[in-house]
Amino acid sequence: MSKKPIETLIAVAAGRQAAELVLKNGQVFNVFTGQFDRGDVAIAGGYVAGVGSYAGLREIDCTGLMLTPGFIDGHVHLESSMVSPAEFVRATLPQGTTTVMADPHEIANVAGKQGLQYMLSACACLPMNIYFMLPSCVPATALETSGAVLAAADLAEWLDDPQVLGLGELMDYPGVVEGRADVLAKLKAAEHKLVDGHGAGLSGQSLTAYAAAGIHSDHECTTPEEALERVSQGLYVMLREGTAAHNLLDLLPAVNAYTSRRCLFVTDDRHPGDLIRLGHINQMVKMAVEAGVPVAAAIQMATLNAAECFRLNELGAIAPGYRADILAFSDLSSWQPGLVIKDGCLAAREGKLLVTPVSAAAQAVENTVRLAAVKADALQIAADSAEARVIELVPHQIVTKETRLAVSVQNGLFVADPEQDIAKLAVFERHHQTGRIGLGLLRGLGLRSGAIASSVAHDAHNVIAAGTTDADIVASVEAIRRMQGGLAIAAGGSVIGSLALPIAGLMSDKSVQQVHHELEKLLEQARQLGVHPEFDPFLTLAFLSLPVIPEIKLTDHGLVDVRKMAIVPVSC
């Protein structure tokens with residue numbers, strides 16, 4: 001974006017000079033008053049010069065159309081779209097998303113500084129405002145093995161980059177509350193920047209201490225009570241609706257005339273299928289309005305609130321001096337924009353992209369899967385007691401429950417038991433060829449035969465697999481080694497389906513439509529193996545290794561009791 005043309009904007013606003021583009025006769029939403037007002041939007045140099053009565057060198061008749069600011073996603077991991085940043089833009093810009101706050105936490109845990117540099121370079125020239133929150137937890141905890149370590153000094157070199165707004169989700173909240181030196185060093189390095197929160201389950205004085213550290217937001221609320229407590233402490237609440245975590249409708253009871261201005265929309269993690277079928281932030285606006293949120297408040301949450309949260313003073317409004325990121329709707333029921341204006345230029349019409357996002361070279365973040373040889377006898381779980389600690393899934397959530405059950409035992413070993421809906425779960429260290437494997441048991445996925453595996457496994461992104469037989473687990477993991485990252489399904493000891501993700505083992509180099517098509521085939525194969533319809537098998541698998549989300553998870557170090565932040569045995 002070029003420098004703001006102040007002299008030109010003044011001349012156009014005052015009527016002394018014709019605008020480059022005028023959107024004529026639209027119903028313009030004023031985010032400050034909450035009203036739609038009929039008027040012309042005069043645009044010059046990529047900025048709004050004024051709203052009123054204007055003539056332009058080029059005019060678009062917007063009679064009957066409602067104009068809103070471009071939508072903003074306040075927290076997203078681009079890597080979780082499973083496509084390159086350019087393909088993410090292809091999918092979301094026609095849906096009305098013109099700005100995102102990206103946290104490259106995933107690729108940084110795989111490729112460190114090279115991963116950060118790839119994301120910054122890949123996004124620099126795309127037709128979308130892509131800002132970054134630097135990953136604050138690489139690794140996320142000491143209870144897993146990541147591909148890199150980023151200390152405060154490593155992050156400091158990027159803090160002055162204009163694409164960087166601050167530190168991303170600070171999920172090590174015990175380190176914050178306890179005042180641990182390494183965490184404080186990162187907070188101090190970003191003292192004049194923003195810091196996103198990740199305070200799952202945090203409350204009371206611990207939450208107060210978290211807020212006192214300068215953390216300004218949280219996207220991990222799952223109840224209205226949690227949301228209200230955070231607003232009362234001065235935090236922004238990010239209402240999340242991703243592919244795995246669906247919290248938007250649960251949190252809406254906390255949204256009222258007083259709290260709505262401290263709320264904004266985020267997707268966090270969305271797969272290609274949801275981006276294509278459901279949309280992006282526009283779908284969240286639709287859901288909120290249909291659930292009873294006033295249209296004005298919903299639009300504010302999708303625009304101005306997010307801009308103010310991140311101190312982006314030129315975004316979030318159609319008003320003089322604001323960037324001309326504008327959407328035009330023929331109705332406010334589908335929330336599918338007919339026109340998308342980006343920096344004063346027509347970027348999409350009726351869902352069709354009119355600009356060309358260019359993909360960046362990714363060689364620096366390829367060939368990242370470094371697995372030691374995997375053998376079936378390394379997957380044995382000794383049964384030292386009659387009962388086992390089992391990870392139990394919670395539908396539509398990324399939290400899990402610890403369940404203690406009598407699990408099938410053969411020759412002194414715990415084994416998968418499809419009749420009880422219990423699969424074996426394994427996490428394989430894939431960055432340093434250590435051969436370390438964490439083993440556990442999983443209940444609720446529905447897998448009745450075969451195995452599924454993925455190199456997308458938050459946050460360290462080791463290889464994770466769930467299966468009913470050791471042979472199928474080994475086959476699926478070996479497929480990921482051959483592809484240098486991806487998703488795989490095995491049955492009968494052979495691979496029956498796969499999707500390569502060569503960019504850091506997280507992203508495909510194919511189009512979003514191709515990835516969606518291949519994912520649909522894998523989904524159908526997983527369903528045929530018994531995976532329950534309420535679970536996206538691979539996204540569910542990806543969060544089972546995240547040791548900062550309660551209650552119990554599995555990493556390459558072993559079974560993690562998140563409440564104690566400690567490794568615990570499978571046997572009770």
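Residues numbered from 1 in each chain as written. Predicted model: local features only at pLDDT ≥ 70, side-chain atom pairs only at ≥ 80, totals over all residues. Heavy atoms only, no water.

Draft legend 1. Representation of empty space enclosed by the protein in the model. A complete count under the given rule lists seven cavities of 30 Å³ or more for this structure. Lining the largest cavity are 16 residues, with His77, Glu169, His198, Phe543 and Leu546 positioned closest to its centre. Along the lines of polarity and charge, the residues of the lining of the largest cavity split into four nonpolar, five polar and seven charged. Inspection of the lining of the largest cavity shows a minimum of three residues originating in each of domain 1 (70-316) and domain 2 (376-567). (1 Å grid on protein atoms, 1.4 Å probe; cavity = no way out; pocket = protein on both sides within 12 Å on 5 of 7 lines; lining within 4 Å. Points joined across faces, edges and corners; volume = space filled by probe spheres on them. Nonpolar A, V, L, I, M, F, W, Y, C, P; charged D, E, K, R; others polar. Domains from an automatic or database assignment.)

Draft legend 2. Inspection of the pairing of strand 1 (residues 19-30) at higher detail. Here strand 1 pairs with strand 4 (residues 56-61) via five bridges, running parallel. Directly across from Lys24, in strand 4, lies its bridge partner Asp61. Bridge count for strand 1 against strand 2 (residues 35-44) is eight bridges, and the pairing is antiparallel. Residue pairing in the sheet places Gln27 in a bridge with Arg38 of strand 2. Turn length for the strand 1-strand 2 hairpin, with the two strands adjacent in sequence and antiparallel, is four residues, and the turn residue Gly34 shows positive phi of about 80°. The pairing of strand 1 with strand 5 (residues 66-69) spans two bridges and is classified as parallel. (Pairing = 2+ DSSP bridges. Helix = DSSP H or I, 4+ residues; strand = E, 2+ residues; numbered from the N terminus.)

Draft legend 3. Just the sheet that holds strand 30 (residues 558-561), in detail. With antiparallel pairing, three strands are arranged side by side in an open sheet as 29-30-31. Looking at the sheet topology across the chains shown, the edges are occupied by strand 29 (552-555) and strand 31 (566-568). When strand polarity is set aside, the average angle formed by the axes of neighbouring strands in this sheet is 45°. For strand 29 and strand 30, the ladder comprises four bridges, and the chain directions are antiparallel. Note on strand 30: the bridge partner recorded for Thr555 is Gly558. (Axes fitted to C-alpha atoms, helices over the stretch in contact; angles between N-to-C directions.)

Draft legend 4. The arrangement of the domain arrangement of the protein in detail. Segmentation of the protein into domains returns domain 1 (70-316) and domain 2 (376-567). Here the C-alpha centroids of domain 1 and domain 2 sit 26 Å apart. Contact residues are listed per partner, giving 41 residues for domain 1 and 44 residues for domain 2. Of the roughly 3400 Å² buried between domain 1 and domain 2, counting both surfaces, carbon and sulfur atoms make up 67%. Considering only the surface of domain 1 that becomes buried against domain 2, Met82, Leu143 and Thr145 emerge as the three largest contributors, covering 22% of it. At the junction of domain 1 with domain 2, the criterion picks out one salt bridge. The tally of links between domain 1 and domain 2 comes to 14 residue pairs in polar contact (both at pLDDT 80 or more). Breaking the side of domain 1 that touches domain 2 down by element, the ones donating at least two residues are helix 2 (85-92), helix 3 (105-123) and helix 10 (272-277). (Contact = heavy atoms within 4.5 Å. Buried area = accessible area lost by both parts, 1.4 Å probe. Salt bridge = Lys/Arg side-chain N within 4 Å of Asp/Glu carboxyl O. Polar contact = N/O pair within 3.5 Å; in protein donor to acceptor, adjacent residues only side chain to side chain.)

Draft legend 5. Spotlight on the sheet that holds strand 11 (residues 217-218). Pairing is parallel across the open sheet formed by three strands, whose spatial order is 11-12-13. One side of each edge strand has no neighbouring strand; the edge strands of this open sheet are strand 11 and strand 13 (263-266). Looking at chain direction, strand 11 and strand 12 (residues 236-240) are connected through two bridges and run parallel. What sits directly across from Asp218, in strand 12, is Val237. Lying over the sheet, helix 11 (residues 281-290) contacts strand 12 and strand 13, oriented at roughly 130° with respect to strand 13. With respect to the sheet, helix 12 (residues 295-302) is in contact with strand 12 and strand 13, its orientation differing from that of strand 13 by roughly 65°.

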